[in-house]
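Topology and contacts: notes
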Amino acid sequence: MKIKKYNTKSLYFTQRLLQKLDGIRNHPLTIVEAPMGYGKTTAVKEYLAKSDVTVLWLNVYNDSTEAFWEGFTSLLGRLDSGLSESLSKLGVPDDAILLWKALKLIEDMDIPSKTAIVIDDYHLIDSPDINKFIETLAENTVENLHIVLNVRYSRFERLEEFSLKRLLLHITKDPFELAPDEIIAYYKACVITLTGEQAQQLYEMTEGWISALYLLMLEYTEQGSFTPETNIYALIEKAVYLPLSDEIKEFIVSMCIFDSFTLQQAEYMWGNNSVAGFLASLTGSNSFIYFERSTKAYHFHSIFTGLLKEVLEGKEKRYRNNLYQKAAQWYIENRDYMNASRYFYECGNFDGILLALELDQSNNFTSAEQELLKKYMAECPQEIKIHHPYAQLIYAMNLFVHGELTLFHKTCSEISIFLSKDAKMNQAMRNRILGELELMLSFSEFNDLKKMSIHHRKAWELLNQPTSIYNTEAIWTFGSPSVLSLYYRESSKLQEHIKDIKESMPYYYLLTNGHGSGAEYAMEAESLFNQGDLENAEISAQKAMLKAQSGNDDNIVFCVLYLRTLIAFMKGDLPAVMDLIHQIHETETIRNEYYFIHMAEICEGNIYAYLDQKDKIPERLLDVDLCNSGRLSFPALAFFNIMYGRILLIKGEYLKLIGSAEHFINISSVHHNLLGYIYTYIYLAAAYRKIFREDDALNSLKKALDIAMPDRQYMLFVENCDYIEPLLHSLSRQGLYREEIEKILELYKTYAKSKAAFIRTYFTGDKPKLTERETETARLAVSGLTNQEIAEKLFISPNTVKATLKSIYVKGSIHNRVQLKQYVDVLSESKKTKI
């Protein structure tokens, strides 16, 4: 008797589908949208495998945007490792500035051949921020780069627009559904012959759904007939799960708790060496478990996972808890503490959660992870918390970083109570916990330097060693380019504030290994600059720079560079201004963290605003999402509003500025940021004057002077004299602040002269011409060559190349290679026109 040999793993795709998939190479974005089990993944994978396209594949397992971004940037690392690192540091582009920066980084990639990035199960992310990133990437068409999204559903807002612009190929479920004649062809490919009647019966049972057709085929190969069945899980159970041995059934049920797993992970969970054989048998016999070679991980099909989880729910609670406990231990041993916490939570092991927190010691959790941590801690019994004061400290630090101040204070109080109740704790450990607690309580007094200093001294007395819970890699100024904007809180007491910060910082440095080095001199330099004392401001700035460099604190280096830019501007040293702006962007590139990127954008936005160059200020800097995204820490918002207010002025949006003033004041009032108050009142005065409300204008300006003049902060008014000069004269005639106003107007003469020269040199007429060497260097730089490669081609040293590029940047008001390319393109077009 001849035994039939079926090939149930044979693949079949309709011609309709293949024709649709042909369009992937002609569109920057393809969305393949169909319900679960329609074969999206298999179709795209098999089609691209036979094409001339390089394929990069990313599987999505949950709604974590951070996990997605980590996977996406890692994937791009196969094309450009430097790009991958830069994008990873950048973080999820959830505001306009980061979105622009991410796009520019990707546009700079050299992709030599057609490349498709396939993101499977993209619908699981369901993130407006990631959707916007994908849309932006498609809209700006990166050469040779194509994005393919496999989704069950899509929530993009501009599908129709993108389709009309031929930016999007949208494939829906229709070409995946098999008609009766196609069902016959599919089964024939699997060595099964159907009659027309049987094909029609299968079509009516499945409506052409490939997964159901496959499962019914498995049943047919076993029984020689088809049984009508409406429940897909029942079909899978009957055709796939039940035929397995009891041992393999138990194995796959134990692994269904993972999104994906490695061979090592499976061996750890199962506890013996039979796992490799199990997995080889499973991947070879059906299509519901597959191995991803690029990640070396195994995945269950989502339909199969649903069935296995139903089976798991039917088992005893002790069995499930042991499974989750073992999974958590796997993650602990592999230092993945957040996942360990998730599995400890599943089995109710709160001791394990607090242990994972102690081992992690991180206060850089994402917002989603922070919400999970809050949930765990809220449910954790007090009798367990009392034995983990160190975990409580780390949790409290997380709360402060994420602005959860009410919960922060409550947690600190709990720690104190637990310490008083724990009589068994030795004195050394008690002092350590109390010392760390004092450091955290210092943040609760932000920005009162005297009170913060008291806590710093107590913390050092108790600890006598650096902190082990505070992340000293964090940005000391929270993303503000001004130390003064953070710590100037009381009128007439600025000199006292500077004295306080000088006395406070040495203890803070001891506790944090020099975190924020140079901040005290940076604050002093800013105050001196605002007083018009450029000479002493520059001396203090140099002190701050040297101290920051010796302490490796790029944040304070950045603040000093920005202040030096303002000093150079007042001195009329225009090339130095352009060089310093370039250095600011270089600092941003070195760190490539969103704090530095935002700081660089805000600084440059401020400079353009003072120069009235509204067309130079990118719209992304004024995106409302920038303040709402959480990327700008709250203490930095007051400085952001200083820039934003000036931009509204030069754009003539006076009513909007007046309407925003209360919001600006509210932001500044939280931490008593006096610079925010002063600038807001100055802007109000300017706006009221423009709409002819003279009394309101004078009252607002007087409020600003009342706050600022006891500390002689003249430059805040000088920068805005183009709008308030008549008001200053009016107040002076009334006998108010005559000497101070005379000083402001005297400084304004210098400021106005530099401003006019700057605009004349860089924003009107022809820019300074490049030399022959500069032109050639620029051309080679934009072609993608490194400084070393340019040096070899031109027979000069790399240092000469660097100096030449710096000269080009100054002449062309350029700050990066993207702008350099635009500049070279303009020069090339200019030459063609002359010819």
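Residues numbered from 1 in each chain as written. Predicted model: local features only at pLDDT ≥ 70, side-chain atom pairs only at ≥ 80, totals over all residues. Heavy atoms only, no water.

**Some words on the overall build of the chain**
When you go through the chain residue by residue, the secondary structure sums to 43 helices and seven strands. C-alpha extents for the chain along the principal axes are approximately 115 × 90 × 60 Å. Per-residue burial for the chain yields a buried fraction of 55% across its 835 residues. Excluding contacts between residues fewer than 6 apart, the proportion of contacts in the chain whose partners are at least 24 apart in sequence is 70%. Carbon and sulfur atoms form 49% of the exposed surface of the chain, whose accessible area is close to 37500 Å². Computed over 89 positive and 109 negative side-chain charges, the separation of the two mean positions in the chain equals 3 Å. (Helix = DSSP H or I, 4+ residues; strand = E, 2+ residues; numbered from the N terminus. Buried < 20%, exposed > 50% of the residue type's maximum accessible area, 1.4 Å probe, protein only. Contact = heavy atoms within 4.5 Å. Areas by Shrake-Rupley, 256 points an atom, 1.4 Å probe, with all protein chains shown as cover. Lys, Arg positive; Asp, Glu negative; His and termini not counted. Charge placed at Lys NZ, Arg CZ, Asp CG, Glu CD.)

**Points about helix α39 (residues 738-762)**
Taking 1.5 Å of rise per residue, 25 residues should cover 36 Å, and α39 covers 36 Å from first to last C-alpha, within 8% of that figure. Every buried residue of α39 is listed here: Ile-741, Ile-744, Leu-745, Leu-747, Tyr-748, Tyr-751, Ser-754, Lys-755, Ala-757, Phe-758 and Tyr-762. (Expected span 1.5 Å × (residues − 1).)

**Structural notes on the nonpolar core**
Among the nonpolar cores identified, the biggest contains 280 residues, and Phe-72, Ile-119, Tyr-187 and Phe-717 are the most heavily contacted of them. Ranked by size, the runner-up nonpolar core spans 14 residues in total, among them Ala-778, Leu-780, Ile-808 and Leu-820. (Core = buried A, V, L, I, M, F, W, Y, C linked by side-chain atoms within 4.5 Å.)

**Section: the sheet that holds strand β1 (residues 29-33)**
Backbone-to-backbone hydrogen bonds pair the strands of a sheet. The strands run either parallel or antiparallel. If you walk across this open sheet you meet the five strands as β2-β3-β4-β1-β5, and the pairing is parallel. Unpaired on one side and paired on the other, β2 (54-59) and β5 (168-171) mark the two borders of the sheet. Taking the axes of each pair of neighbouring strands and ignoring which way they run, one obtains an average angle of 15 degrees across the sheet. Both β1 and β5 contribute to a ladder of four bridges, which runs parallel. By the bridge assignment, Ile-31 is partnered in β5 with His-170. (Pairing = 2+ DSSP bridges. Axes fitted to C-alpha atoms, helices over the stretch in contact; angles between N-to-C directions.)

**Side note on empty space enclosed by the protein**
Summed over all chains, the structure comprises nine cavities of 30 Å³ or more. Computed from the structure, the largest cavity encloses a volume of approximately 170 Å³. Those elements that place two or more of their residues in the lining of the largest cavity are α27 (519-530), α29 (554-570), α31 (594-610), α33 (634-650) and α35 (674-690). When grouped by side-chain class, the residues that make up the lining of the largest cavity number eleven nonpolar, three polar and two charged. Around the second largest cavity, the lining comprises 14 residues; the ones closest to its centre are Phe-443, Met-452, Trp-476, Tyr-487 and Tyr-508. Taken together, the elements giving at least two residues each to the lining of the second largest cavity come down to α24 (449-463) and α26 (494-512). Broken down by element, the residue count for the lining of the second largest cavity peaks at four residues, all from α26. Across the lining of the second largest cavity, the residue classes tally to eleven nonpolar, three polar and no charged. (1 Å grid on protein atoms, 1.4 Å probe; cavity = no way out; pocket = protein on both sides within 12 Å on 5 of 7 lines; lining within 4 Å. Points joined across faces, edges and corners; volume = space filled by probe spheres on them. Nonpolar A, V, L, I, M, F, W, Y, C, P; charged D, E, K, R; others polar.)

**Comments concerning the packing of aromatic side chains**
As enumerated under the stated definition, the model contains 39 aromatic pairs in all. Measuring from ring centre to ring centre gives 5.5 Å for Phe-446 and Phe-478, while their planes differ by 75 degrees; the resulting arrangement is edge-to-face. Taken together, the positions of Phe-446 in the loop between α23 (427-444) and α24 and Phe-478 in the loop between α24 and α25 (483-487) put the pair 32 residues apart, joining distant regions of the chain. When sorted by exposure, Phe-446 lands in the same class as Phe-478, which is buried. The ring of Trp-57 has Lys-45 sitting right over it, with the charged end atom 4.7 Å from the ring centre. One residue, Lys-249, lies across the ring of Tyr-241, its end atom 5.5 Å from the ring centre. (Phe/Tyr/Trp six-rings, centres within 6.5 Å; stacked < 30°, edge-to-face > 60°. Lys NZ or Arg CZ within 6 Å of the ring centre and 35° of its normal.)

**Re the side chain of Ser-527**
Checked against the element boundaries, Ser-527 lands in helix α27. On the basis of relative accessible area, Ser-527 is assigned to the buried category, the value being 1%. Those residues in contact with Ser-527 that lie beyond four places of it in its chain are Leu-484, Leu-494, Gln-495, Ile-498 and Gln-713.

**Here we look at unusual backbone geometry**
Look at the link from Phe-446 to Asn-447: it is a cis peptide, with omega at 5 degrees. Its place among the elements puts Asn-447 in the loop between α23 and α24. Phi is positive for Tyr-737, which is not a glycine, with a value near 50 degrees. Turning to its location among the elements, Tyr-737 is positioned in the loop between α38 (721-733) and α39.

**Here's the deal with the pairing of strand β6 (residues 289-292)**
Of the strand pairs in this sheet, β6 and strand β7 (residues 297-300) are connected by four bridges, and their pairing is antiparallel. By the bridge assignment, Phe-291 is partnered in β7 with Tyr-298. A loop of four residues connects β6 with β7, the two strands running antiparallel in sequence, and Lys-296 in this loop sits at a positive phi of about 55 degrees.

**Some remarks on the packing of helix α11 (residues 232-241) against helix α15 (residues 302-313)**
Relative to each other, α11 and α15 sit at 85 degrees, their axes nearing to 10 Å. In terms of their interaxial angle, α11 and α15 are classed as roughly perpendicular. The segment α11 lies against α15, with Ile-232, Tyr-233, Ile-236, Glu-237, Val-240 and Tyr-241 engaging Ile-303, Phe-304, Gly-306, Leu-307, Leu-308, Glu-310 and Val-311. Looking at the contact of α11 with α15 residue by residue, the class counts come to ten nonpolar, one polar and two charged. (Parallel < 35°, antiparallel > 145°, perpendicular 65-115°, else oblique.)

**Points about the state of the cysteines**
Throughout the structure, instances matching the rule amount to zero disulfides. Between Cys-380, a free cysteine, and Cys-347, which holds the nearest cysteine sulfur, the sulfur-to-sulfur gap is 13 Å. The cysteine Cys-559 is free of any disulfide, with Cys-603 supplying the nearest cysteine sulfur at 7.8 Å. (Disulfide = S-S within 2.5 Å.)

**Some words on the pattern of salt bridges**
This structure, assessed with the given rule, holds 30 salt bridges. Lys-493 is paired through a salt bridge with Glu-490; the nearest N and O atoms lie 3.4 Å apart. Accessibility expressed as a relative area gives 32% for Lys-493, which makes it partly exposed. Classification of Glu-490 by relative accessible area gives partly exposed; the value is 33%. (Salt bridge = Lys/Arg side-chain N within 4 Å of Asp/Glu carboxyl O.)

**A few points about the packing of helix α18 (residues 350-360) against helix α21 (residues 389-401)**
Where α18 meets α21, the axes come as close as 9 Å, and the angle between the chain directions of the two elements is 65 degrees. With respect to their mutual orientation, α18 and α21 come out roughly perpendicular. Of the two elements, α18 crosses α21, and the hand of that crossing is left-handed. For the pair α18 and α21, the contacting residues are Leu-354, Leu-357 and Glu-358 in the first and Tyr-390, Ala-391, Ile-394 and Tyr-395 in the second. Each residue belonging to the contact of α18 with α21 can be placed in one class, and the counts come to six nonpolar, no polar and one charged. (Left-handed = near helix turned anticlockwise from the far one by under 90°.)

Interpretation in functional terms is not warranted from these geometric data alone.
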